[in-house]
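These are the residues of each chain, in order.
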Amino acid sequence: MKPEVLNRMNIVRGDITKEQVDAIVNAANPTLLGGGGVDGAIHRAAGPELREECRTLGGCEPGEAKITRGYRLPSRFVIHTVGPIWRGGTHGEPELLASCYRNCLRIAAERGLRTLAFPSISTGAYGYPIRAAARVALSTVAAELEKYPNIEEVRFVCFSGSDEQVYRETLRELAAASEGSHPA
Ligand code: APR
């Protein structure tokens, strides 16, 4: 992971609905009509207009992403993505999770957005083990950021201290591992 990519990736602990970024990412379900967890928090904070706009989108396939306005949220946009439900890891979950991150970044880049915040997609109700999910999230975003120099910052917003700890450890491991592949 190149330093110019690493220094655009930040791990924070907090409530994603408070993040002051161009877009926050929502870990939604295929209906896009709201739910619990971070989905519920985002809809509560954004207000009823969010669900009204989501209703016009016709749902979202796992791995795909769709963008709406942020309404009462501090962020101008919400990028809704649907993560994989964990079924043991041999049903394409890692690839689907990676495509969530890739599609969110593609949409952000297409819209000229500069700052983005992700929750830990699929690691709550969808049961994806946190360390495996963090590895997919961080390595996918690092690879994609090389393609999108105009995206200035990606934040990984962890809701719990233990998730934050796992993300920090995983980022260190990935950075160290890539040191070997291209020494500074
Ligand atoms: N800010 C940041 N992260 C949050 C917040 C918040 N306010 N609330 C919850 N989280 C974290 C959880 O702790 C977890 O680490 O978001 C991560 C994702 O958990 P879920 O919200 O349960 O999402 P997911 O596992 O992708 O399951 C999606 O749950 O809410 C429903 O409609 C949603 O059916 C869909 C499913």
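Here, the structure is the one placed above.
Attention here is on the structure that accompanies the text. Everything quoted here is computed from the prediction, not taken from an experiment.

### Quick word on the layout of surface pockets
- Estimated volume of the largest pocket: approximately 580 Å³.
- Contributing to the lining of the largest pocket are 30 residues, with Ala27, Gly37, Val38, Ser120 and Gly124 lying nearest its centre.
- Here the lining of the largest pocket gets five residues from one element, more than from any other, and that element is helix H2 (residues 37-46).

### Points about helix H5 (residues 130-145)
- If you check H5, its first and last C-alpha atoms are 22 Å apart, about what 16 residues at 1.5 Å a residue would give, namely 22 Å.
- The set of residues buried in H5 consists of Ala133, Ala134, Val136, Ala137, Leu138, Thr140, Val141, Ala142, Glu144 and Leu145.

### Section: unusual backbone geometry
- A positive phi is found at leucine 32, a non-glycine position, where the angle reads about 60°.
- Inspection of the secondary structure assignment puts leucine 32 in the loop between strand S2 (23-28) and H2.
- One non-glycine residue, tyrosine 71, lies in positive phi territory at about 55°.
- Its location among the elements puts tyrosine 71 in the loop between strand S3 (65-69) and strand S4 (77-82).
- Residue class for tyrosine 71 comes out partly exposed when judged on its relative accessible area of 24%.

### Looking at the packing of H2 against helix H3 (residues 48-55)
- Relative orientation of the contacting elements H2 and H3 amounts to 115°, with a least axis distance of 5 Å. Viewed along their axes, H2 and H3 adopt a mutual orientation that is roughly perpendicular. Between H2 and H3, the contacting residues are Ile42, His43 and Ala46 on the first element and Pro48, Glu49, Leu50, Arg51 and Cys54 on the second.
- For the contact of H2 with H3, the class distribution of residues is five nonpolar, one polar and two charged.

### Topic: the side chain of threonine 140
- Residue placement: threonine 140 occurs in helix H5.
- Setting aside residues no more than four positions away along its own chain, threonine 140 makes contact with Ala98, Tyr101 and Arg102.

### Remarks on the site of the ligand
- Near the ligand lie 21 residues; those nearest to it are Asn29, Val38, Asp39, Gly124 and Ala125.
- Tyrosine 126 places a polar main-chain atom, nitrogen or oxygen, 3.0 Å from an oxygen atom of the ligand.
- One of the side-chain N or O atoms of aspartate 163 is found 3.5 Å from an oxygen atom in the ligand.
- In the complex, the protein chains occlude 88% of the 700 Å² of accessible area that the ligand would expose alone.
- Of the residues forming the shell around the ligand, the biggest block, four residues, is contributed by H2.
- Here the residues of the shell around the ligand sort into eight nonpolar, 10 polar and three charged.

### Notes on the environment of cysteine 100
- Positionally, cysteine 100 belongs in helix H4 (residues 93-110).
- In sequence terms cysteine 100 and alanine 125 are 25 residues apart; their C-alpha atoms lie 16 Å from each other.
- Cysteine 100 has contacts with Gly63, Thr81, Val82, Gly83 and Ile121, leaving out every residue within four places of it along the chain.

What counts and how
Every chain is numbered independently, its residues counted from 1 as its sequence is written. The predicted origin of the model limits local features to residues at a pLDDT of at least 70 and limits the giving and counting of side-chain atom pairs to 80 or more, whereas totals for whole chains, interfaces and linings rest on all residues. The side-chain values count all of the structure's non-hydrogen atoms but skip hydrogen atoms and water molecules. The way it works is a 1 Å grid over only the protein atoms, where trapped points that fit a 1.4 Å probe form a cavity and open points with protein on both sides within 12 Å along at least five of seven lines form a pocket, and then any residue with an atom within 4 Å of a point lines it. Grid points are joined across faces, edges and corners, and a volume is the space filled by probe spheres set on the points. The way it works is that DSSP assigns letters per residue, a run of H or I at least four long becomes a helix, a run of E at least two long becomes a strand, and they are numbered from the N terminus. In a helix, the anticipated span is given by 1.5 Å times the number of residues less one. Working definition: with a 1.4 Å probe on protein chains only, accessible area under 20% of the residue-type maximum means buried, over 50% means exposed, and in between means partly exposed. Axis definition: a line fitted to C-alpha atoms, over the contacting stretch in the case of helices. Angles run 0 to 180 degrees between N-to-C directions. By the definition adopted for this analysis, an angle is roughly parallel if under 35 degrees, roughly antiparallel if over 145, roughly perpendicular if from 65 to 115, and oblique otherwise. Any pair of residues with heavy atoms lying within 4.5 Å of one another is described as a contacting pair. Under the scheme applied here, ten amino acids are nonpolar (Ala, Val, Leu, Ile, Met, Phe, Trp, Tyr, Cys and Pro), four are charged (Asp, Glu, Lys and Arg), and all others, including Gly, are polar. The rule for a residue being near a molecule or strand is that one of its heavy atoms must lie within 4 Å of it. Any N or O atom pair separated by 3.5 Å or less is treated as a polar contact, with the protein-specific requirement of one donor-capable and one acceptor-capable atom, and with residues adjacent in sequence counted only for side-chain atom pairs. Here, Shrake-Rupley sampling with a 1.4 Å probe gives the accessible areas, and only protein chains in the shown set may cover a residue.

From the geometry alone we can't say anything about function, so treat these as descriptive.
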